[in-house]
Amino acid sequence: MTGSDDTTPRHERVERHATPGPRNSLAHWTAARNPLRVAINYVVVWLVRISPSLKLKRWLLRRIGVTVGEGVSWGLEATPDVFWPDLITVEADAIVGYDATILCHEFLFEEYRTGEVVVGERAMIGAGAIVLPGVEIGAGARVAANSLVTRDVPPGTTVAGVPAEPMGEATGDGSTDERPD
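Fair warning: this is a prediction, and the values are worked out from it, not measured in the lab.

Criteria and thresholds
- Residues numbered from 1 in each chain as written.
- Predicted model: local features only at pLDDT ≥ 70, side-chain atom pairs only at ≥ 80, totals over all residues.
- Heavy atoms only, no water.
- Pairing = 2+ DSSP bridges.
- Helix = DSSP H or I, 4+ residues; strand = E, 2+ residues; numbered from the N terminus.
- Buried < 20%, exposed > 50% of the residue type's maximum accessible area, 1.4 Å probe, protein only.

Here the focus is the sheet that holds strand β14 (residues 142-143). With mixed pairing, 6 strands are arranged side by side in an open sheet as β3-β6-β11-β14-β16-β17. Each of the sheet's edge strands pairs with one partner strand only, and the pair in question is β3 (73-74) and β17 (165-166). The pairing of strand β16 (residues 158-160) with β17 spans 2 bridges and is antiparallel. Bridge assignment links valine 159 to a residue of β17, and that residue is proline 166.

Dropping the structure here:
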């Protein structure tokens, strides 16, 4: 994984930005990001979501600032962050599954937060999974379908659930070994 160690929680890697007025931070989104840039990102993301061509998806994602490695597979309906796509890195041969979402921002009441998301080489994000800002998914890690990733996933680890937690590993005979706590 890049940029952090296992002891740094994602909340310490996200940047906090105070809400500029009396309303919630989403009400002030135009002060956070240029509306034209967000509109362009939205159109490109829509095209990425519906295109069956992986080559076109990679090209489009790069146009809006996503760092995309060679051989990345981006599933149908998968959604990168529309506001801050430039905070996403997906390394070589990673898979982002059908309808997965990678978020690099959180609009809250008194603040909004932004954080980089890194998906390591040959990592996999399953269908419908959601990855929150500041999370790093290590090389060869796997995120099960419909999981909510709230913290880093170490290389080679499989996580599942809401919030995503490490799963046992297959032993080859169909059973699993539980990971020690």
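Turning to the pairing of strand β9 (residues 111-114), a few remarks are in order. Side chains Glu111 and Arg113 project from β9 onto one buried face, and the interleaved Tyr112 and Thr114 project onto a second face that is buried too. In terms of strand pairing, strand β1 (residues 15-18) meets β9 through 4 bridges, oriented antiparallel. Within β9, the residue paired with alanine 18 across the bridge is glutamate 111. With 3 bridges joining them, strand β8 (residues 105-107) and β9 adopt antiparallel strand pairing. Bridge assignment links phenylalanine 107 to a residue of β9, and that residue is tyrosine 112. Hairpin geometry of β8 and β9 is characterised by an intervening segment of 3 residues between the two adjacent antiparallel strands.

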